[in-house]
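# Coordinates in review
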Amino acid sequence: MDQNTRILHGTTCLIFSWAILLTPTAFAELSIGDAVQNAIDNDPWLDRSRASESALRYEAKAAGQLPDPKLTLAIANLPTDSFSFSQEPMTQVQVGITQTFPAGQSLSLRQERLQQLGYSEKLEQLARKALIEHEVSRLWVDIARADESIRIIESSRRLFEQLLQVTEARYNSATRQTRQQDVIRAQLEVSRLEDRLLQLKEDRDRGISRLGRWVAFGLLTSDHKFPLPRIKATQFTKSVLGHPDILALDQQVEAARTGLELSRESTKPGWSLSSSYGRRDEDFNGRELPDFFSVGVTVELPFFRKHRQTKEIAAAAERVVEREADRFLRVRELNAQRQEARTTIDRLNEQIQLYEQSLLPQSAALSRATLAAYQSDEGDFTDVTRAYITELDTRVQTVNLQADHQREITTLNYLNATAAVSPEK
C-alpha cells in the first residue's frame, strides 16, 4: 500500500470512527432516587428535629395537667411546757391538701402553644426532605454534566489523535499535501482537549465531594457513572402557601399568637383550694374532743407585677409581628424564585430545541463536509479543525443546556412542594 493509499484509508477510517464515537453509550447507572433516599435516611438534622418534635409533644401533654397537689402534715397548738396532746383542747394533728389552679386558661393555652410548635417541627421535616431532594438532585446534575462532557471530549480527543496521524502522514508523504503548521495545529488541539478534560474531571471530583455531604461516600465510588437524569416537573400550583416552609411558619405565627394570649392570661389571678383535717386527743378530764375540718381558698393579688406583665405582653406582641414578617418574606421569596425558575425553563426549552433541531445537525454536517473537502485536497486543514471544534462545543453546550434545564426543574419541584399532614393532639 503506497503513501497516498494509506492517507486515503486513514481519512476514511476517521469518518467511520467519528460516526461510531458519536453514538450514545450506556452508562453504569447509579439511581438518583437511591442517592436522595440515602441522604434523607442519614440526615442528622432530621434526627434532631424528630427528637425535638417528640419532646414538644410530651411537653404539651404534661403542660395540660394541673400542678401536683401538696400534702401538709402538722401539729398545731402543742404546749411547750409539757408537750402533752391532752393538756390543751386546741392541740391537734393536722393533715391537709392544697391544690393550685393556674390563672385563667393558662393550662390549655400552654398546651396548645407546645402542640403548635410540635406540628411546626413536623412540617419543617417535610421542608427539609424537599430541600435534600433539591440539593442532591442539583449536585447530581452538575456531576452528570461533567461526566457527559468528559465522555464527549474523550471521544473527540481520539478523533483528533487520528486526525493528527492522518495529517502527519500527509505531511510526510512525497506529495507534501499538508503544511507543517497543520501538524502543529492538530497537536495543539489535542493538548487543548486534554486540558479541558482535566478541568472537567476536577469539576466532577469537586461535585462528588459536595455530594458526599449528603450521601454516604460508600455509594460514590470512583467507577460510578452519573447519567443525566430526566426529571419531570411537578404539577404547577397557583400558590406557594401550601409549601412546607410556609405551613411551618404559619404554625409559628399561631404559636406566637397563643403565646400572646398566654401572656394576657397572666394578668388574671391564680388561686388555690386547700382543706385540712385536725385530729384532737382527749382533754385532761378524759373527755373526747371533736376533730376539726378546715377549707379555704387562696387568691393571688397581682399588685406588684403590673409593670412586668405589661412588658411581657408587649414582648409577646412583638414576637407575633416578627413571625408574621418572617412568613411574609418567605412567601415573597418563594414566589420570586418560582417565577424565575419558570421563565428560565421556558428559555432553556427554546434553546435546547434550537440546538437539537438546527445547530447539532448543522455542525455535524459541516464537520463531514470540511473533512471530505480536505480529503480531496479542496479544503484547508484549519477549516477541518474549526468545524470539529465547533461540533464539539455544540455538543458540550447542548449537555450544558440540558443540565441547566434539569437543575431548574428540580428547583421548580422544590418550590411546588406541598405538605399533607395533620397536627397530632
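These numbers come from a predicted model, not from an experiment.

Reading the values: the criteria
- Residues numbered from 1 in each chain as written.
- Predicted model: local features only at pLDDT ≥ 70, side-chain atom pairs only at ≥ 80, totals over all residues.
- Heavy atoms only, no water.
- Helix = DSSP H or I, 4+ residues; strand = E, 2+ residues; numbered from the N terminus.
- Buried < 20%, exposed > 50% of the residue type's maximum accessible area, 1.4 Å probe, protein only.
- Contact = heavy atoms within 4.5 Å.
- Patch = residues over 30% accessible without salt bridge, like charges linked within 9 Å, V, L, I, M, F, W, Y side chains within 5 Å.
- Areas by Shrake-Rupley, 256 points an atom, 1.4 Å probe, with all protein chains shown as cover.
- Salt bridge = Lys/Arg side-chain N within 4 Å of Asp/Glu carboxyl O.
- pLDDT = per-residue confidence, 0-100.
- Pairing = 2+ DSSP bridges.
- Expected span 1.5 Å × (residues − 1).
- Phe/Tyr/Trp six-rings, centres within 6.5 Å; stacked < 30°, edge-to-face > 60°.
- Lys NZ or Arg CZ within 6 Å of the ring centre and 35° of its normal.
- Axes fitted to C-alpha atoms, helices over the stretch in contact; angles between N-to-C directions.

The next thing to look at is the overall build of the protein. For the protein, the helix and strand inventory stands at 8 helices and 4 strands. Of the regular secondary structure in the protein, the N- to C-terminal order runs α-α-α-β-β-α-α-α-β-β-α-α. Looking at the protein as a whole, 40% of its 425 residues qualify as buried. The contacts in the protein between residues at least 6 apart in sequence include a share of 83% that link residues at least 24 apart.

Within the fold, Ser120 resides in helix H4 (residues 106–172). Among all residues touching Ser120, those that are not within four sequence positions of it are Ala248, Gln251 and Gln252.

Right, let's get into a nonpolar patch on the surface. On the surface, a cluster of nonpolar side chains totalling about 710 Å² of accessible area is made up of Trp271, Leu273, Tyr277, Phe293, Val295, Val297 and Val299. If you list the elements that add at least two residues to the nonpolar patch, you get strand E3 (271–280) and strand E4 (292–299). It is E4 that contributes the most residues to the nonpolar patch, 4 residues altogether. Relative to the elements of secondary structure, Phe293 occurs in strand E4.

When pLDDT is averaged along the protein, the result is 83; 85% of the residues meet or exceed 70. A low-confidence stretch, residues 1–28 (pLDDT under 50), is modelled with 42 contacts involving residues beyond four sequence positions or located in other chains.

It is worth spelling out the pairing of E3 at this point. Here strand E2 (residues 92–101) runs beside E3; their pairing, made up of 10 bridges, is antiparallel. Note on E3: the bridge partner recorded for Gln99 is Leu273. Direction of pairing for E3 relative to E4: antiparallel, over a ladder of 8 bridges. Bridge assignment links Tyr277 to a residue of E4, and that residue is Phe293.

We now examine helix H6 (residues 244–265). Helical periodicity: at 3.6 residues per turn, an α-helix aligns residues three or four positions apart in one direction. Under the 1.5 Å per step criterion, the end-to-end length of H6 is 31 Å for 22 residues, consistent within 8% with the ideal 32 Å. Counting buried positions along H6 gives 16 out of 22 residues, so the element sits mostly inside the fold.

Once that is clear, we can look at the packing of aromatic side chains. Taken as a whole and assessed by the stated rule, the structure comprises 2 aromatic pairs. Each ring, one from Phe101 and one from Trp271, has its centre 4.3 Å from the other, and the planes form 15 degrees; the classification is stacked. Of this pair, Phe101 sits in strand E2 while Trp271 is found in strand E3, placing the two residues 170 residues apart along the sequence. With a relative accessible area of 36%, Trp271 lands in the partly exposed category. Both rings, one in Trp140 and one in Phe226, keep their centres 4.8 Å apart while their planes meet at 70 degrees; by these two values the pair is edge-to-face. With Trp140 in helix H4 and Phe226 in the loop between helix H5 (180–211) and H6, this pair connects stretches of sequence that are 86 residues apart. Here Trp140 matches Phe226 in class, with each residue buried. A cation sits over an aromatic face here: Arg48 above Trp45, 5.3 Å from the ring centre.

This part is about the sheet that holds E2. Spatially, 4 strands are ordered E1-E2-E3-E4 in an open sheet, and the strand pairing comes out antiparallel. Where the open sheet ends on each side, the last strands, each with one partner, are strand E1 (70–76) and E4. Pairs of neighbouring strands in the sheet enclose a mean axial angle of 20 degrees, with direction left out of account.

Following the criterion strictly, the structure yields 22 salt bridges and no others. Among the salt bridges present, the one from Arg145 reaches Asp142, with a minimum N-O distance of 3.6 Å. Taken together, the residues span about one helical turn, with Arg145 and Asp142 both in helix H4 at a distance of 3 residues. Relative accessible area serves as the criterion here: at 28%, Asp142 is assigned to the partly exposed category. Notably, a salt bridge pairs Asp147 with Arg204, separated by 2.7 Å at the nearest N-O pair. With Asp147 in helix H4 and Arg204 in helix H5, this pair connects stretches of sequence that are 57 residues apart. When its relative accessible area of 10% is taken as the criterion, Arg204 is described as buried. Through salt bridges with shared partners, a single ionic network connects Asp142, Arg145, Asp404 and Arg407.

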